[in-house]
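Tertiary structure, described
Listed below are the residues making up each chain.
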Amino acid sequence: MKTLSVLLLLIANVSGFAQTNQAVKQTALDQRVRAETAQFKGKVNLFAKNLDTGAMYELAGDERVSTASTIKIAVMVEAFARVSEGKAKWTDELVLTKEKKVGGSGILNEFGDGLHLTLRDAVTLMMIMSDNTATNLVIDVLTADAVNVRMASLGLNETRLMRRVFGGGESVEGKKEESKRFGLGRTTPHEMVTLIEKLERGEIISPAASKEMIELMKREQGANGIWREQWRLPKATKSGALDALRSNIGIIYHPRGRIVLAITCSEMPEVNWTVDNPALLLMSRLSEILIDGLGK
């Protein structure tokens, strides 16, 4: 009995020490994150999770934020689901016309009218180059409302596509006056981390489809925010940008764990479209801090 009592006491002490140590690490991480964000001219929302340990950190991670182009992840999911259900084919043709060209990111608006693309081509351009014209071609096929129904079916009740890029094709959610301030889309950092976690765990549509979507995100061009210094390590990301906002979502495959991160920096007072935008630099620093603080 004495031996058993001593063993139970040791187990309790080890458990208590582990909890105390974790609390100390969390406090230290919070202090480092807040020290960085305090110097930033703007607002920061973030949520991060180490999928291998379950460790999490958030800074106003459940607040609603504008998505900018990161909502294209949700559009991608609906496209893959539609093909999986047999309601569309990757070989379905989409035709580029003068009326469908829009500005901003991408390259399709430089191509001649009448260009034929497949649905797969357009989804690839949407994710790798964040092509706005390609995005609208895809949304025209899927509809914004269908994207939102799909997100709701995944338990993501704050992640909503409002319309096509630069207007038109409004969803039911997008027509609400309270939704107009979000622009193209709305979400929370927490929900975006959940979405990436589901993809990484193979829980969206099928393990094969989930893996294919992650692989597509690994090929994003111009990833200048989170983990910009970790170019040697594999990572899957999607970024978004507006004059006063930068958003970054992704997962890095680090020796210290598969870490998923969603950050939105908004309300910036100055417009800066260079790769050294203060928000991008902040995202880079915070992503390194979060690896250190959440890593196993």
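First, a word on what this report is: a plain description of the structure on this page. What you see is a predicted model, and the numbers here were worked out from it, not measured in a lab.

Structural notes on the pattern of salt bridges
- For the structure on display, the rule yields 22 salt bridges.
- In this structure, the salt-bridge partner of Arg32 is Asp292, at a minimum N-O distance of 2.6 Å. Of this pair, Arg32 sits in helix α1 (residues 2–37) while Asp292 sits in helix α8 (residues 278–294); the two residues are 260 residues apart in sequence, bridging distant segments of the chain.
- Judged by relative accessible area, Arg32 falls into the partly exposed class, the value being 38%.
- Residues participating in the shared-partner salt-bridge network are Arg64, Glu158, Glu173, Lys176 and Arg186.

A word on the packing of aromatic side chains
- The full count for this structure, using the stated rule, is one aromatic pair.
- Ring geometry for Phe80 versus Trp90: centroids 4.8 Å apart, planes at 70 degrees, classification edge-to-face. A residue pair is termed long-range when its members are at least 10 positions apart, and Phe80 in helix α2 (residues 72–84) and Trp90 in the loop between α2 and β4 (93–95) qualify at 10 residues.
- Above the plane of the ring of Trp90 lies Arg120, whose end atom (NZ or CZ) is 4.9 Å from the centre.

Here we look at the sheet that holds strand β7 (residues 185–187)
- Taken in spatial order, the three strands line up as β3-β7-β6 in an open sheet, and their pairing is antiparallel. Both outer strands of the open sheet, β3 (65–66) and β6 (160–161), are each paired with one neighbouring strand and no more.
- In the sheet, β3 pairs with β7 via two bridges, with the strands oriented antiparallel. Directly across from Val65, in β7, lies its bridge partner Thr187.

Observations concerning the sheet that holds strand β9 (residues 245–254)
- Spatial ordering of the open sheet is given by β2-β1-β10-β9-β8, a layout of five strands whose pairing is antiparallel. The outermost strands of the open sheet, each flanked by one partner alone, are β2 (56–59) and β8 (235–242). Recorded for the sheet is a direction-independent mean angle of 5 degrees between the axes of neighbouring strands.
- Summarising the sheet, β9 and strand β10 (residues 257–266) pair through nine bridges and their orientation is antiparallel. Paired with Ser247 across the strands is Thr264, a residue of β10.
- Helix α7 (residues 207–217) rests against β8 and β9 of the sheet, and its axis sits at about 60 degrees to β8.

Calculation criteria
- Residues numbered from 1 in each chain as written.
- Predicted model: local features only at pLDDT ≥ 70, side-chain atom pairs only at ≥ 80, totals over all residues.
- Heavy atoms only, no water.
- Salt bridge = Lys/Arg side-chain N within 4 Å of Asp/Glu carboxyl O.
- Helix = DSSP H or I, 4+ residues; strand = E, 2+ residues; numbered from the N terminus.
- Buried < 20%, exposed > 50% of the residue type's maximum accessible area, 1.4 Å probe, protein only.
- Phe/Tyr/Trp six-rings, centres within 6.5 Å; stacked < 30°, edge-to-face > 60°.
- Lys NZ or Arg CZ within 6 Å of the ring centre and 35° of its normal.
- Pairing = 2+ DSSP bridges.
- Axes fitted to C-alpha atoms, helices over the stretch in contact; angles between N-to-C directions.
- Contact = heavy atoms within 4.5 Å.

Everything listed is a geometric property; what it means functionally is a separate question.
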